[in-house]
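Here's the letter readout for the chains.
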Amino acid sequence: MINFQYVRTSMVKTALSLAEKDAHSAFIAGGTNLVDLMKRGVIAPEKLIDINYLPLKQFKLINNTLHIGALATNADVAEHEIVKERFPLLRLALQAGASAQLRNMATMGGNMMQRTRCGYFYDTTMPCNKRNPGSGCSAIGGYNRMHAIFGTSENCIAVHPSDMCISLAALDAVVVIAGTKGERKLNFNDFHRLPGTTPEKDNNLKKNELIVRLEIPTNPFNKNYHYLKVRDRSSYAFALVSVAAAIVINNNLISDARLALGGVAHRPWRLRAVEAFLKGKQATTANFEIAAKLAMEGAKGFGENDFKLKLTPNSIIEALNQAKSKA
Ligand SMILES: Cc1cc2nc3c(=O)[nH]c(=O)nc-3n(C[C@H](O)[C@H](O)[C@H](O)COP(=O)(O)OP(=O)(O)OC[C@H]3O[C@@H](n4cnc5c(N)ncnc54)[C@H](O)[C@@H]3O)c2cc1C
Ligand code: SF4
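Calculation rules
- Residues numbered from 1 in each chain as written.
- Chains lettered and ligands numbered in written order.
- Predicted model: local features only at pLDDT ≥ 70, side-chain atom pairs only at ≥ 80, totals over all residues.
- Heavy atoms only, no water.
- Pairing = 2+ DSSP bridges.
- Helix = DSSP H or I, 4+ residues; strand = E, 2+ residues; numbered from the N terminus.
- Axes fitted to C-alpha atoms, helices over the stretch in contact; angles between N-to-C directions.
- Domains from an automatic or database assignment.
- Near = heavy atom within 4 Å.
- Polar contact = N/O pair within 3.5 Å; in protein donor to acceptor, adjacent residues only side chain to side chain.
- Areas by Shrake-Rupley, 256 points an atom, 1.4 Å probe, with all protein chains shown as cover.
- Nonpolar A, V, L, I, M, F, W, Y, C, P; charged D, E, K, R; others polar.
- Salt bridge = Lys/Arg side-chain N within 4 Å of Asp/Glu carboxyl O.
- Buried < 20%, exposed > 50% of the residue type's maximum accessible area, 1.4 Å probe, protein only.
- Expected span 1.5 Å × (residues − 1).
- Contact = heavy atoms within 4.5 Å.

## Here's the deal with the sheet that holds strand β3 (residues 47–50)
In sheet architecture, strand pairing relies on hydrogen bonds along the backbone and comes in two forms, parallel and antiparallel. On the basis of which strands lie adjacent, the open sheet formed by three strands has the order β1-β3-β2 and parallel pairing. Bordering the open sheet on either side are β1 (5–8) and β2 (25–28), each of which pairs with just one other strand. Along the sheet, successive strands turn relative to each other by an average axial angle of 25°, direction set aside. By the bridge criterion, four bridges tie β1 to β3 in an arrangement that is parallel. Each residue of the ladder has a partner; that of Tyr 6, found in β3, is Leu 48.

Dropping the structure here:
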């Protein structure tokens, strides 16, 4: 790990101007991903701007929209009364992530910005287009059991690792971003990117911009919902496949549906066509099976991750059945 400077401030404006002045700086929140990356030499910022003292931990319900500050911890959000009652899908996804200790440190903004867990990205002796653009992708033809089956490119087949983000994609959250010229908003589903020809870019946040809060509209998805995470161990493991599923059912008829997948693409993989198919259908396993088949259009395995081609539709059916059967 190389030497670096450390600064901290309690003002968003100062944090932004400090970042603008120094091209080799990085914001640090909980540090649970950033410090790992620094220790392994994947990144080497010369200045860390500690944002933990910024006033960005708020929870406010304003005009039927929940505002959550970017520095609220994953643990605090999961335990908040409003989240428990109105956004239980987000709570389930948060609880499925990492460990209790990590969730106490991990922040909402940091969770969104966490880097992929592709082993080659962390191994600085190996080619990796995300770490070192143009060097090649070691996972294609290499060890790719955890990797993507949707939206891949010849440059990168990594997956986005977050659980929380899969639920936020399903819930149509909005990201509020601050820059030196003011604030802008981005739909959560437009925040993360596919790898394309620029796998080094995980998302559409510009250099020196700061995530300041998330806005989640209240919704009817707090009765029949489920977050299913399939992983190698029951805790402390990233998703092989995960499904955020929520449906609104009246007399066994589905009037609205939300579905997003994790562990299968470079960004949370929202299934809008499948949601459209489910609307107006009976909530039956037979219809969930058709939905799962539809979800798999365009999926492609890379050898070791071929099992995801079967695991994913089975997980979708299971998540929908679990959502349906919630009391
Ligand atoms: C052993 C282990 C297991 C894990 N398992 C899971 C899991 O199962 N599921 C899961 O979802 N996650 C898992 N995680 C990841 C964990 O959730 C993330 O490390 C955490 O959410 C990152 O948040 P942080 O506040 O610590 O971010 P930091 O490490 O402080 O920062 C991460 C990145 O975000 C940037 N950043 C932070 N805040 C902002 C902001 N407000 N605006 C702009 N940029 C910002 C930083 O500059 C940095 O680039 C695991 C982590 C570990 C170490
Ligand atoms: S999948 Fe992406 S992150 Fe992994 S080695 Fe290939 S380019 Fe790097």
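This is not the end of the story, as more comes after the structure.
## A look at the domain arrangement of the protein
Segmenting the protein into domains produces domain 1 (5–52) and domain 2 (224–324). One C-alpha centre belongs to domain 1, the other to domain 2; they are set 36 Å apart.

## With respect to the site of ligand 1
Around ligand 1, the structure places 32 residues, and the nearest of them are Phe 27, Gly 31, Thr 32, Thr 107 and Asp 163. A distance of 2.8 Å separates an oxygen atom of ligand 1 from a polar backbone atom of Leu 34. Ala 237 has a polar backbone atom sitting 3.3 Å from an oxygen atom of ligand 1. Burial of ligand 1 by the protein amounts to 92% of the accessible area it has alone, namely 980 Å². Going through the elements one at a time, β2, α2 (34–39), α7 (108–113) and β8 (210–217) are the ones with two or more residues in the shell around ligand 1. Among the elements that take part in the shell around ligand 1, α7 stands out by supplying four residues, more than any other. Along the lines of polarity and charge, the residues of the shell around ligand 1 split into 17 nonpolar, 11 polar and four charged. For the shell around ligand 1, the domains that each give at least three residues are domain 1 (5–52) and domain 2 (224–324).

## Let's talk about the pattern of salt bridges
Side chains that differ in sign of charge can pair as their charged atoms come close. Going through the model one piece at a time under the given rule, you end up with 16 salt bridges. Residues Asp 202 and Lys 130 are paired through a salt bridge, measuring 2.6 Å at the closest nitrogen-oxygen approach. Of this pair, Asp 202 sits in the loop between β7 (182–187) and β8 while Lys 130 sits in the loop between α8 (119–122) and α9 (164–170); the two residues are 72 residues apart in sequence, bridging distant segments of the chain. Each of the two residues, Asp 202 as well as Lys 130, counts as buried. The shortest N-O distance in the salt bridge between Glu 209 and Arg 184 comes to 2.8 Å. Of this pair, Glu 209 sits in the loop between β7 and β8 while Arg 184 sits in strand β7, placing them 25 residues apart in sequence. According to the relative accessible area criterion, Glu 209 is buried, its value standing at 12%. Residue class for Arg 184 comes out partly exposed when judged on its relative accessible area of 24%. Salt bridges sharing common partners tie together Glu 79, Glu 81, Lys 84 and Arg 91.

## What to know about helix α12 (residues 308–324)
Here α12 is 17 residues long and its end C-alpha atoms lie 24 Å apart, about the 24 Å a rise of 1.5 Å per residue gives. Along α12, the residues that are buried comprise Lys 308, Thr 312, Pro 313, Ser 315, Ile 316, Ile 317, Ala 319, Leu 320 and Ala 323. On the buried face of α12, the contacting elements are β9 (224–230), β10 (241–250), β11 (253–262), α10 (272–278) and α11 (285–295).

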